[in-house]
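Residues per chain are reported as follows:
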Amino acid sequence: MASEERYQNRIELLQGTLDMLILRTLQWGPEHGHGIGLAIRNSSEDVLQVEHGSLYPALHRLRKQGLIDAEWKMTENKQRARYYRLTPKGKKVLATEESRWNRMVEAIARVMRPATK
Amino acid sequence: MRPWHWLFRRSQEERELDEELRFHLSEEAQLRIDRGESRESAWRSARQDFGNITSAQEVTRDMWGWTALERAAQDVRFAVRMLRKNVAFTAVALAALTLGIGATTAMFSVVYSVLLKPMTFPEPERVVMLWERQPSGRNNVVQTHNFLDWRQRNRSFLNIAAYLGVPANLSGDGDPVQVPGVRVTSGFFEILGAAPLFGRTIQAADDAVGAPPVAVLSAGLWQRRFGGRTDVLGQKIRVNGVPCEIIGVMPAGFEVPSLAADLYTPMQFDLANPGRGRNYRTVARLKPGVSTSAADADMQAIAAQLAQERPEDDYRWGVNIVPLLEQTVGDSRSTLLVLLGAVAFVLLIACANVANLLLMRGSARRREMTVRMALGAGRWRLLHQLIIESLLLSVSGGLMGFALAWWGVPVIVNSLPAGFPLPRSGEIAVDYRILGFTLFLSIACGVFFGIFPVWQMNRARMNDSLRQGGRGQTASSRGIRNALVVTEIGLAVLLVIGAGLMLRSFLLLHQTDPGFRLEHLLTFRMLLVPSKYPDAPRRAAVVEQMLDRIRALPLVSSASSIHVLPMTGGNSGTGYYRLDRPTPAIGAGTGGEISVISDRYFQTMGIPLLAGRDFDARDRLNAPAVAILNKSAARQMYPDENPVGKRMNVFWSGTPDVEIVGVVADIRHDGLNVEPSPTMFLPNAQRPNSFNSLVVRTKGDPAPVVAAVKEQMHQIDPDQGAFEIRTMEQLTAQSIARPKVQATLMGVFGLVALVLACVGIYAVVSYSVEQRTREMGIRLALGAAPLSILQMVLREGLFLAGGGILAGLLAAAGLTRYLSTLLYAVRPTDTLVYASVSATLAAAALAGCYFPARRATRVDPAVVLREE
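Quantities reported herein were computed from a predicted structural model and do not represent experimental measurements. (Residues numbered from 1 in each chain as written. Chains lettered and ligands numbered in written order. Predicted model: local features only at pLDDT ≥ 70, side-chain atom pairs only at ≥ 80, totals over all residues.)

Let's talk about helix H2 (residues 39-50) of chain B
Residue and element names in this part refer to chain B. Taking 1.5 Å of rise per residue, twelve residues should cover 16 Å, and H2 covers 17 Å from first to last C-alpha, within 8% of that figure. Among the residues making up H2, those that are buried are Ala42, Ala46 and Phe50. The arc that holds every buried residue of H2, seen down its axis, measures 70°, which confines them to one face. When the buried face of H2 is taken as reference, the exposed residues oriented beyond 90 degrees from it are Glu40 and Gln48. (Helix = DSSP H or I, 4+ residues; strand = E, 2+ residues; numbered from the N terminus. Expected span 1.5 Å × (residues − 1). Buried ≥ 20, exposed ≤ 12 C-beta atoms within 10 Å, placed from the backbone. Arc of directions from axis to C-beta.)

If you want it as structure tokens, here you go:
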């Protein structure tokens with residue numbers, strides 16, 4: 001029992017942030033799973049090492065919530081891949097998530113570096 | 001979305017997820033190859049980066065929502081596979097469950113239909129029966145005066161109706177027959193909420209004295225006598241010689257409370273001369289909003305008034321209110337509940353057995369579980385799997401059990417002898433409500449026996465068992481198994497003791513000497529048509545003429561009559577006192593049962609005359625009134641004197657003072673299980689009764705005599721029928737039918753419990769031997785004698801059996817007192833039963849252990865050691 005609980009905790013910990021990162025990445029246009037993972041890694045300058053395994057559950061979750069759409073398309077290398085795309089609803093959620101995130105970062109920053117203020 | 005959509009979606013989603021993940025890995029690998037890694041290491045690190053692929057798939061699948069269902073389906077498929085792999089295990093478990101759940105379902109359907117289901121008319125809970133309460137507290141039928149006053153003075157009931165069961169002679173077309181009839185006051189049908197099938201029921205106008213005679217038919221009589229023709233309304237039927245107009249037919253299933261009736265006629269009380277005898281049953285319907293207890297208070301106040309107004313009749317008498325359902329169910333309640341309890345214990349034993357089998361298999365499967373776990377199956381998933389397997393077993397067993405009950409209950413109910421004392425037996429049905437119960441029960445069973453393997457798995461340390469090569473048997477699981485077996489044996493002891501007590505009780509009852517000779521004795525129950533025989537001389541004469549003719553028949557050795565036959569569950573009662581002593585105060589008198597008989601009754605029955613003489617030709621209507629006492633009455637009234645020649649006063653409807661002319665031996669008149677009561681006998685020639693059953697002692701087989709006797713009766717009176725013709729042996733068997741069925745059913749349950757408990761101990765001991773084969777082998781190799789191994793195993797088994805028997809005896813000592821109302825002449829702690837049951841169980845347990853113990857001694861040390 002114990003191991004199972006720990007596992008689920010980890011997903012929950014990542015959930016909010018990872019979801020936001022995915023939405024954010026899709027803002028630039030449709031992308032497939034691998035591309036999303038790559039984009040997160042690259043734009044965070046390799047700091048955020050997304051375990052790819054957790055990417056797919058997150059994608060499915062977002063799709064279920066109606067924040068993103070999926071569509072099978074051909075890649076430039078003529079391979080079939082599932083491309084994800086923001087829905088209007090996803091865009092709205094991303095906007096609120098972003099402002100929430102910003103507020104949180106500011107708040108944390110104020111706590112962490114009170115002197116600079 | 002269409003409900004079946006997920007079936008197609010599932011495989012598609014699955015495929016797409018696979019493809020997506022494959023694509024991801026190949027992209028990732030390509031990326032690394034482009035960076036210059038070798039193909040092999042690129043793929044490896046791509047996989048590493050990804051993490052656990054299976055888990056990603058599972059977590060993703062979890063999010064599809066319907067996977068819980070889909071996973072359950074998968075588990076069920078797997079469970080079916082596992083169950084099919086272990087045919088022997090599955091067959092044993094299913095058989096035990098089918099029997100256990102089937103028997104419980106069957107018993108429950110009876111309990112539900114008889115005790116719980118509301119009766120089939122509107123607002124049955126508002127219908128009660130009103131009884132007069134004897135000074136002793138017992139219920140008594142009601143007097144006309146009291147009924148009329150109750151009806152007039154109460155403020156609690158919409159209406160009260162009186163009714164009286166009287167056989168009705170039907171004649172006219174065809175054979176004269178006597179059918180059970182009932183006379184009712186108006187309002188009777190309304191109180192019971194019963195509408196006629198067609199026509200109308202008895203109204204107030206029909207109930208007035210002098211109103212044209214009318215009759216309502218039961219559905220059964222309508223079918224039998226009139227072939228179900230709808231033109232019967234307005235036709236005349238001769239009831240007791242009087243043509244009555246048929247005004248209505250009641251629907252099938254309409255029942256008169258605590259009576260059987262085929263014909264309903266108006267009561268038509270003769271208000272000018274109501275009589276003081278107590279004869280009537282009454283039903284009443286509570287007014288809306290009036291509770292039973294409020295009605296009770298109301299009636300007690302009325303009874304107190306009446307006791308003051310008419311102390312000669314009502315001093316110390318009162319009223320009892322009994323809800324109709326309670327009245328109908330009567331004393332079958334305790335029987336049914338005891339049997340349901342017994343069958344539930346059988347089911348519990350069956351479940352404990354299955355739990356044990358599962359535990360043993362669980363131990364054997366520990367390796368499988370460990371491997372599956374090591375391969376990444378979630379622990380929760382495995383528990384899920386175990387529970388699904390248990391539920392699959394229990395629900396399959398439950399469905400088969402339901403089928404068994406569905407098929408078996410009607411067969412059993414139909415095979416009950418006519419007149420078997422089970423009320424509402426026509427309503428017993430195994431229907432969807434019972435199916436709900438069965439399913440609930442099955443799931444409860446599945447959870448019950450499924451919980452043990454789960455518990456065991458939770459406690460076992462998985463990696464340990466891998467290391468041990470799966471041979472290990474943890475102490476905890478062994479403890480559970482032993483506890484289960486001890487419980488099983490304990491329950492079996494309890495049940496077999498219950499069965500033993502009932503069996504012993506029944507045998508004692510069966511062997512009880514009724515005080516007269518049962519064989520070759522024919523009885524004809526009849527009622528003399530009151531309109532034809534309105535007065536005493538005519539009633540006395542017709543019985544005498546019939547008896548004269550019957551006695552003359554060649555196959556008849558003796559014949560007589562009595563107004564209430566023995567072994568039919570009751571007798572008339574009255575009060576009497578000695579005339580040579582001061583008149584007792586009102587309510588302080590003595591009394592007992594009373595029988596009106598023709599002469600030679602004692603000779604016909606085979607009852608010894610102890611003193612004085614039998615009634616004879618001297619005892620005519622105008623001769624001095626005489627009476628005979630039985631031994632109990634003689635001892636009650638004349639403890640140290642000879643009663644013959646003494647004079648007594650009797651209350652029995654206007655009987656003059658009587659002189660005692662004889663004393664006879666006691667018989668068990670009311671039933672084999674009822675001690676003889678003090679009884680006074682009056683001669684039919686002097687106090688002729690309308691109820692008069694003939695008793696005929698035949699020289700050989702009674703069957704051929706029936707027609708001849710009927711023929712003689714019809715020659716005297718073509719309208720006269722007999723409504724029940726039975727041999728005394730049949731009547732006696734009928735009177736002990738319930739104890740017999742109780743003992744039989746308990747016996748069956750006890751036997752099943754015994755077998756299950758033996759299987760249980762056998763399985764546990766064999767398993768333990770199997771598990772310890774290696775230990776035995778080493779012991780034998782080190783020089784242990786086979787006998788000592790045998791003893792060791794037997795000791796283990798007997799230890800379990802001893803614990804179970806002890807637990808069972810303690811439980812029995814505590815619980816069997818609930819049986820005491822069902823037992824006759826046997827105490828619930830009967831030592832003989834307890835001792836013999838303990839011995840039987842011990843012997844059975846020993847047999848259960850012996851075979852595995854023998855096997856243990858035959859272990860070949862060489863083979864065992866080589867297996868390492």
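What about the pairing of strand S15 (residues 572-578) of chain B?
All names here are of chain B. Inspection of the sheet shows S15 paired to strand S16 (residues 590-597) by five bridges, in the antiparallel sense. If you follow Gly573 over to S16, its bridge partner there is Glu593. For S15 and strand S19 (residues 647-650), the ladder comprises three bridges, and the chain directions are antiparallel. Each bridged residue has a counterpart across the sheet, and for Tyr576 the counterpart in S19 is Val650. (Pairing = 2+ DSSP bridges.)

Notes on the domain arrangement of chain B
Residue and element names in this part refer to chain B. Once the domains are mapped, chain B shows domain 1 (5-65), domain 2 (135-316), domain 3 (332-511 + 737-866) and domain 4 (533-716). Taking the mean C-alpha position of each, domain 2 and domain 4 sit 30 Å from one another. Contacts between the two partners involve seven residues from domain 2 and, on the opposite side, four residues from domain 4. (Domains from an automatic or database assignment. Contact = placed C-beta atoms within 7 Å.)

Regarding the pairing of strand S22 (residues 693-698) of chain B
Residue and element names in this part refer to chain B. Of all six residues making up S22, six are buried, and the element is well covered by its neighbours. Of the two faces of S22, the one carrying Ser693, Val695 and Arg697 and the one carrying Leu694, Val696 and Thr698 are both buried. With six bridges joining them, strand S14 (residues 556-562) and S22 adopt antiparallel strand pairing. If you follow Ser561 over to S22, its bridge partner there is Leu694.

Things to note about the sheet that holds strand S2 (residues 68-74) of chain A
Residues and elements named next belong to chain A. Taken together, the three strands give an open sheet; going across it, the order is S1-S3-S2, and neighbouring strands pair in antiparallel fashion. The strands lining the two open edges of the sheet, one partner per strand, are strand S1 (31-32) and S2. With two bridges connecting them, S1 and strand S3 (residues 80-86) associate as antiparallel partners. Each bridged residue has a counterpart across the sheet, and for Glu31 the counterpart in S3 is Tyr84.

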